[in-house]
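Residue strings, one per chain:
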Protein chains: 2
Amino acid sequence: MRRWQTVVQELERMIRSGSLRVGDRLPSVRTLCRTRSLSPSTTLRAYSSLEQAGLIESRPRSGYFVCTRPKPPVPLLSIPKPSSTRVAVSDLVFDTLEASRSREVVPLGSAFPSPTVFPWKSLARYLGSSARRMDPWATVGSLPPGSLELRRQISRRYLRMGITIDVKEIIITAGALEALNLALQTVTRSGDTIAIESPTFYGCLQAAERLGLHVVEIPTHPEEGLDLGALSRAISKYSIRACWCMTTLQHPTGATMSEDKKRELVRILSNHEIPLLEDDVYAELQFAPTPALPSKAFDKKGLVLHCGSFSKCLAPGYRLGWVAAGRFAEDLARRKIESSLATSLPIQLGIAQMLRFGGYQSHLARFRRLLANQQAVALESIHRHFPPGYRVAVPAGGYFLWIECAPAVDSLEVHRLALQSGITIGPGPMFSARREYRNFIRLNYGHPWSPEMDRATKRLGQLLR
Amino acid sequence: MRRWQTVVQELERMIRSGSLRVGDRLPSVRTLCRTRSLSPSTTLRAYSSLEQAGLIESRPRSGYFVCTRPKPPVPLLSIPKPSSTRVAVSDLVFDTLEASRSREVVPLGSAFPSPTVFPWKSLARYLGSSARRMDPWATVGSLPPGSLELRRQISRRYLRMGITIDVKEIIITAGALEALNLALQTVTRSGDTIAIESPTFYGCLQAAERLGLHVVEIPTHPEEGLDLGALSRAISKYSIRACWCMTTLQHPTGATMSEDKKRELVRILSNHEIPLLEDDVYAELQFAPTPALPSKAFDKKGLVLHCGSFSKCLAPGYRLGWVAAGRFAEDLARRKIESSLATSLPIQLGIAQMLRFGGYQSHLARFRRLLANQQAVALESIHRHFPPGYRVAVPAGGYFLWIECAPAVDSLEVHRLALQSGITIGPGPMFSARREYRNFIRLNYGHPWSPEMDRATKRLGQLLR
């Protein structure tokens, strides 16, 4: 190895390991020549090589700095078949979920972040004290829509974003999945057609399958979200009864629609009196200091059913979510009473107290920092181990990466082989009514990026070759 | 008032108030004559009058004793139309539920027992300590079917009755209503026909309505339950895809089928491979020291989906139930994952600990004694205040009375007028797909029988006249 290559290797290792971070200044050419006894041309050759690799940049009259890795190319806009279809995806989803359940596997395919990062002690304290002080009569009085105190706390969180939501509009549910299912049952009947994203969250596909709905899959850009032109065309072609959409940190792509686009989405749907089921379960996991508003903020007609949850951001396993259901609130509360009567009252009261007194905001800040850091490390690990040519959009939050591999890759086969190595992944066909996206995988970076995760990523890279 | 009438009134008051109880011996004729300075004929006339009223009885060579009130006549076997029908009952049910929600009304129409009788302190203690000790990874590992520890505890309760149920067969749900809804979704598709009791629990009617099912209402006797001959005829006439049935303490009648009849029910359905959804939420509220077995005890083919709950007997508002789903267990767990992902884990763990250490059995014994006592007082109050001619079956547990009033009575009108007096009742049409049973009402005796309850019963009696 030549001397300049040794320098490149050393510096690259320091950058990759995080010893040198984005924005850190490298030694000047003169300093490096002196301390390493190198010629200026050798030093310049090393720096130039690092610059070409996108690891450092020279700033005029300032020197060399570690720079942000140039973003890998983003997957293209999806092009699902424009026709309406029945859904058949459940078996595949259940097989994948089942595989992720064991604690022994490397959870790159998990749907959840690491359960170790949540404020369990505070949660338990507020749950216990709320249960002790619970008024027995509240078991009757807090039937749907649910605990008034909790609905007040949720309403206040909307108000922090400048959105006014009346507590009467909020129905408490056993997590967002129940909220979304109830919302769908409220605004559709068997045989109806709904518009959904493609790729999309499999829970949406399963709900459509179970309720006997047809879906029209709308092209969805991995950074910009739903294609509104395609949506408009679908509306003019089909009798769309509802639109189910994740406008922020879409699952699986991570796309966040701009606020202008969200406003336009609401306008298009409102013009046709089409309800929007806004699945917003990752809203609290946006890395930006000022998070993007949901479409609900632009809803003037009460047509947006905004579904939220504490399962991703505060209390997994407690099963608490809600829907701000606009004009459908009363109907939806009835569906809730019919299908599960009520949401566990001690859980409602405990979370309400946690929101009020438990340092939710500081927990969120810590959690977001952690995820942002893990995202950077995961991207780095993928860059190191995956064969070149993959595409990935870098989401502004959450804990998923949606990766487009070479066209020849069969992610179901990769999934099968990875499992044999004790690694799970989310194969692309889980996210499509027609089992498309065969060369895509969803990777979870919501777990501490241990050496084991890096080894698993390396193994995936081998399988992808 | 004549002297014998004064004696009658005094003794009647002592019997009604409980100062004199069933089996107590009354003073001999000679003693009464002496202490009250009465003639023997006056005393005998008083005793004869009480005897005619059914309050006392003379036993040869022993004297007079307070006797059990002869049971009022029982309503006749219901005769619903034998044809299959779509259901339309929800609005009525919701209006009635809404009216029962206020703490200000007299809750004779409530669906719940008084919330003051449950072991809230113990529940809160076990909930808090379970949440504190919860393994964060259990939020992933305890996805449906649910917490293994809780399923073990439930399996042990079956074993107390001599029924062996594998933990693999048990799916934990958010109360029995979710269990029943999931069970129905697992074994039927939209457009199918199911057999149900008549009258029946409105939750069953609402589920059928929402899932687009047709129902065949089977005649149901207020003491002996489902008419098996009629069920067999329905099976031969229609393509019945499932039977939803409360075999013990049926809602609203209180009927409990004999074990022989339950065995026969399972035999009939098994012969046609028809799943039985056995709604058994009042099982723990049977007054008898040896409670009746469920049909599940006789299930050899895994066709019985036995649905239970802790909401009526231990922890209302916690929302915890289960289904022992036989051969449908895996399918049902998938429906659960699709519709609400999981049941709240701290709740599962807390109740599991309560079952193990919390004195559930002694709570149940106390609660049953309380209900049995309140039932006797409620029947007495009704006897005093209702116009004669009503019919009621006296159930062997639970907290409902199903009362057939004079044919001219319109229970919806009584419901409306009673509400104006701050009293709720359960009007009969709530319990029928075709809004039949207009002259029936369901009364709740699950709340302490205060003077206010007695006054409310008196007011109802006036409205019924």
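Position numbers for residues count from 1 along each chain, tracking the sequence in the order it is written. Whichever chain is written first is A, and whichever ligand is written first is 1; the rest continue in order. Residue-level local features of this predicted model are given only where pLDDT is at least 70; pairs of side-chain atoms are given and counted only at 80 or more, and the full residue set underlies all totals for whole chains, interfaces and linings. The side-chain values count all of the structure's non-hydrogen atoms but skip hydrogen atoms and water molecules.

K.L.:
Which residues make up the overall build of chain A, and what values do they have?
P.N.:
Across its full length, chain A holds 16 helices and 15 strands. Taken over the C-alpha trace, chain A has a radius of gyration of 24 Å; the compact-globule value for 465 residues is 23 Å, and the two agree within 12%. With the C-alpha coordinates aligned to their principal axes, the bounding extent of chain A is approximately 80 × 55 × 45 Å. Exposure categories follow from relative accessible area, calculated using a 1.4 Å probe and restricted to protein chains: below 20% of the type maximum is buried, above 50% is exposed, and the middle band is partly exposed. The burial tally for chain A puts 63% of its 465 residues in the buried class. Segments assigned H or I by DSSP are reported as helices when at least four residues long, segments assigned E as strands when at least two residues long, and all are numbered from the N terminus. The atom set for the radius of gyration is the C-alpha atoms, and the globule formula is 2.2 Å times the number of residues raised to the power 0.38.

K.L.:
Run through the pattern of salt bridges, naming residues and quoting values.
P.N.:
Any carboxyl oxygen of Asp or Glu that lies within 4 Å of a side-chain nitrogen of Lys or Arg is treated as forming a salt bridge with it. According to the stated counting rule, one finds 43 salt bridges over all chains in the structure shown. Of the charged contacts, one joins Glu 264 of chain A and Arg 267 of chain A as a salt bridge, the two residues approaching to 2.8 Å between their closest N and O atoms. Taken as a pair, Glu 264 of chain A and Arg 267 of chain A lie in helix α11 (residues 259–271) at a separation of 3 residues, close to a single helical turn. A residue is classified by how much of its surface remains accessible, and Glu 264 of chain A, at 29% relative accessible area, is partly exposed. Of the charged contacts, one joins Asp 192 of chain B and Arg 241 of chain B as a salt bridge, the two residues approaching to 3.8 Å between their closest N and O atoms. Remark: Arg 241 of chain B occurs in strand β8 (residues 240–245) and Asp 192 of chain B occurs in the loop between α8 (175–187) and β5 (193–198); sequence separation between them is 49 residues. According to the relative accessible area criterion, Asp 192 of chain B is buried, its value standing at 12%.

K.L.:
Describe in detail the pairing of strand β13 (residues 400–404) of chain B, supporting the description with residues and values.
P.N.:
All names here are of chain B. With 5 of 5 residues buried, β13 is to be regarded as a mostly interior element. Pairing between strands is defined by DSSP: at least two bridges between them are needed. Of the strand pairs in this sheet, strand β12 (residues 391–392) and β13 are connected by 2 bridges, and their pairing is antiparallel. Of the residues in β13, the one forming a bridge with Arg 391 is Glu 404. Where β13 lies against strand β15 (residues 440–444), 5 bridges are found, and the strand directions are antiparallel.

K.L.:
Quick rundown of the interface of chain B and chain A? Include the residues and the values.
P.N.:
Contacts between the two partners involve 53 residues from chain B and, on the opposite side, 53 residues from chain A. Summed over both partners, the accessible area lost on bringing two parts together, with a 1.4 Å probe, is the buried area. Across the chain B to chain A interface the summed buried area is about 4800 Å²; carbon plus sulfur atoms make up 65%. Considering only the surface of chain B that becomes buried against chain A, Arg 101, Trp 137 and Glu 338 of chain B emerge as the three largest contributors, covering 16% of it. Scanning the region where chain B abuts chain A turns up 6 salt bridges. A salt bridge links Glu 338 of chain A to Arg 210 of chain B, with the shortest nitrogen-to-oxygen separation between them at 2.9 Å. Among the elements of the structure, α4 (90–99), α5 (120–133), α6 (138–141), α8, α9 (202–210), α12 (329–340) and α13 (345–357) of chain B are those that each provide at least two residues to the side of chain B that touches chain A. By the convention adopted, Pro, Cys, Tyr, Trp, Phe, Met, Ile, Leu, Val and Ala count as nonpolar, Lys, Arg, Asp and Glu as charged, and the other residues, Gly among them, as polar. The residue inventory of the side of chain B that touches chain A, partitioned by class, reads 26 nonpolar, 15 polar and 12 charged. Contacts between residues were defined by any pair of non-hydrogen atoms, one from each residue, lying within 4.5 Å.

K.L.:
An account of the relation of the copies chain B and chain A is requested, with residue identities and associated values reported.
P.N.:
Once chain B has been moved 0.0 Å along the axis and rotated by 179 degrees, it coincides with chain A to within an RMSD of 0.5 Å. Such values leave the two copies arranged in the relation of a two-fold axis. Distance from the rotation axis, computed per C-alpha, reaches its smallest value in chain B at Gly 128 of chain B: 1.9 Å. A symmetric contact is evident, with 100% of the interface residues of chain B recurring at the interface of chain A. For this overlay, a least-squares fit was computed on C-alpha atoms, restricted to residues scoring pLDDT of at least 70 in both copies.

K.L.:
Tell me about the sheet that holds β13 of chain B, residues and numbers included.
P.N.:
Backbone hydrogen bonds hold the strands of a sheet together, and the pairing may be parallel or antiparallel. On the basis of which strands lie adjacent, the open sheet formed by 4 strands has the order β12-β13-β15-β14 (chain B) and antiparallel pairing. Of all strands in the sheet, those bounded by a partner on one side alone are β12 and β14 (426–427) of chain B.

K.L.:
Help me get a handle on the packing of helix α10 (residues 228–237) of chain B against helix α11 (residues 259–271) of chain B, residues and values and all.
P.N.:
The relative placement of two packed helices comes down to the angle between their axes together with the axis-to-axis distance. Residue and element names in this part refer to chain B. Between α10 and α11, the shortest axis-to-axis distance is 11 Å and the interhelical angle comes to 5 degrees. As summarised for this structure, α10 and α11 are arranged roughly parallel, according to the angle between their axes. Counting all contacts with α10, which are made through Leu 228, Leu 231, Ser 232 and Ile 235, the residues of α11 involved are Lys 261, Glu 264, Leu 265, Ile 268 and Leu 269. Orientation is described by axes fitted as lines to C-alpha atoms, over the contacting stretch for helices, and by angles from 0 to 180 degrees between their N-to-C directions. Orientation categories follow fixed angle ranges, with anything under 35 degrees roughly parallel, anything over 145 roughly antiparallel, 65 to 115 roughly perpendicular, and all other angles oblique.

K.L.:
So what's going on with the packing of aromatic side chains? Residues and values would help.
P.N.:
Aromatic contacts are taken between Phe, Tyr and Trp rings whose centres are within 6.5 Å, Trp giving its six-membered ring; a plane angle under 30 degrees counts as stacked, one over 60 as edge-to-face, and the others as tilted. Within this structure, the stated rule accounts for 34 aromatic pairs over all chains. Aromatic side chains Phe 386 of chain B and Tyr 390 of chain B sit 5.9 Å apart centroid to centroid with 80 degrees between the ring planes, which places their arrangement in the edge-to-face category. For Phe 386 of chain B, a relative accessible area of 4% corresponds to the buried category. Through a chain of ring-to-ring contacts, three or more aromatic side chains come together here, namely Phe 201, Tyr 202, Trp 402, Phe 431, Tyr 437 and Phe 440 of chain A. Any Lys NZ or Arg CZ that is within 6 Å of a ring centre and within 35 degrees of that ring's normal is treated as a charge sitting over the ring. In this structure, Arg 125 of chain A packs its charged tip against the face of Tyr 126 of chain A, placed 5.7 Å from the ring centre.

K.L.:
Account for the sheet that holds strand β15 (residues 440–444) of chain A, with residues named and values stated.
P.N.:
Taken in spatial order, the 4 strands of this open sheet run β12-β13-β15-β14 (chain A), and their pairing is antiparallel. Looking at the sheet topology across the chains shown, the edges are occupied by β12 (391–392) and β14 (426–427) of chain A.

K.L.:
I'd like a description of helix α5 (residues 120–132) of chain A, backed by residues and values.
P.N.:
For α5 of chain A, built from 13 residues, the straight-helix expectation of 18 Å at 1.5 Å per residue is met to within 8% by its first-to-last C-alpha distance of 18 Å. With 10 of 13 residues buried, α5 of chain A is to be regarded as a mostly interior element. Here α5 of chain A has its buried residues at Trp 120, Ser 122, Leu 123, Ala 124, Tyr 126, Leu 127, Gly 128, Ser 129, Ser 130 and Ala 131 of chain A. Contacts made by the buried residues of α5 of chain A are with α13 (345–357) of chain A together with α5, α6 and α13 of chain B. Multiplying one less than the number of residues by 1.5 Å gives the expected span of a helix.

K.L.:
Tell me about the side chain of Ser 198 of chain A, residues and numbers included.
P.N.:
All names here are of chain A. Tracing the sequence through the fold places Ser 198 in strand β5 (residues 193–198). Here the side chain of Ser 198 touches Tyr 437 through a polar contact of 2.6 Å, side chain to side chain. Not counting residues within four places of it along the chain, the set of residues in contact with Ser 198 comprises Ser 78, Pro 80, Glu 217, Ile 218, Pro 219, Thr 220 and Tyr 437. Pairs of N or O atoms are called polar contacts if they sit within 3.5 Å, as long as, within protein, a hydrogen donor faces a hydrogen acceptor (for residues adjacent in sequence, only side-chain-to-side-chain pairs).

K.L.:
Quick rundown of the environment of Ser 381 of chain A? Include the residues and the values.
P.N.:
Residues and elements named next belong to chain A. Checked against the element boundaries, Ser 381 lands in helix α14 (residues 360–385). Judged by its relative accessible area of 1%, Ser 381 falls in the buried class. In sequence terms Ser 381 and Ala 456 are 75 residues apart; their C-alpha atoms lie 9.9 Å from each other. When residues no more than four places from it in sequence are discounted, the contact partners of Ser 381 are Trp 449, Asp 454 and Thr 457.

K.L.:
Lay out the environment of Pro 222 of chain A with the relevant residues and their values.
P.N.:
All names here are of chain A. With respect to the helices and strands, the residue Pro 222 is situated in the loop between β6 (214–221) and β7 (225–226). According to the relative accessible area criterion, Pro 222 is buried, its value standing at 4%. Between the C-alpha atoms of Pro 222 and Pro 199, which are 23 residues apart in sequence, the distance is 9.1 Å. If we ignore the near neighbours within four places in the chain, the residues touching Pro 222 are Val 74, Pro 75, Leu 76, Leu 77, Thr 253, Gly 254, Ala 255 and Ala 393.

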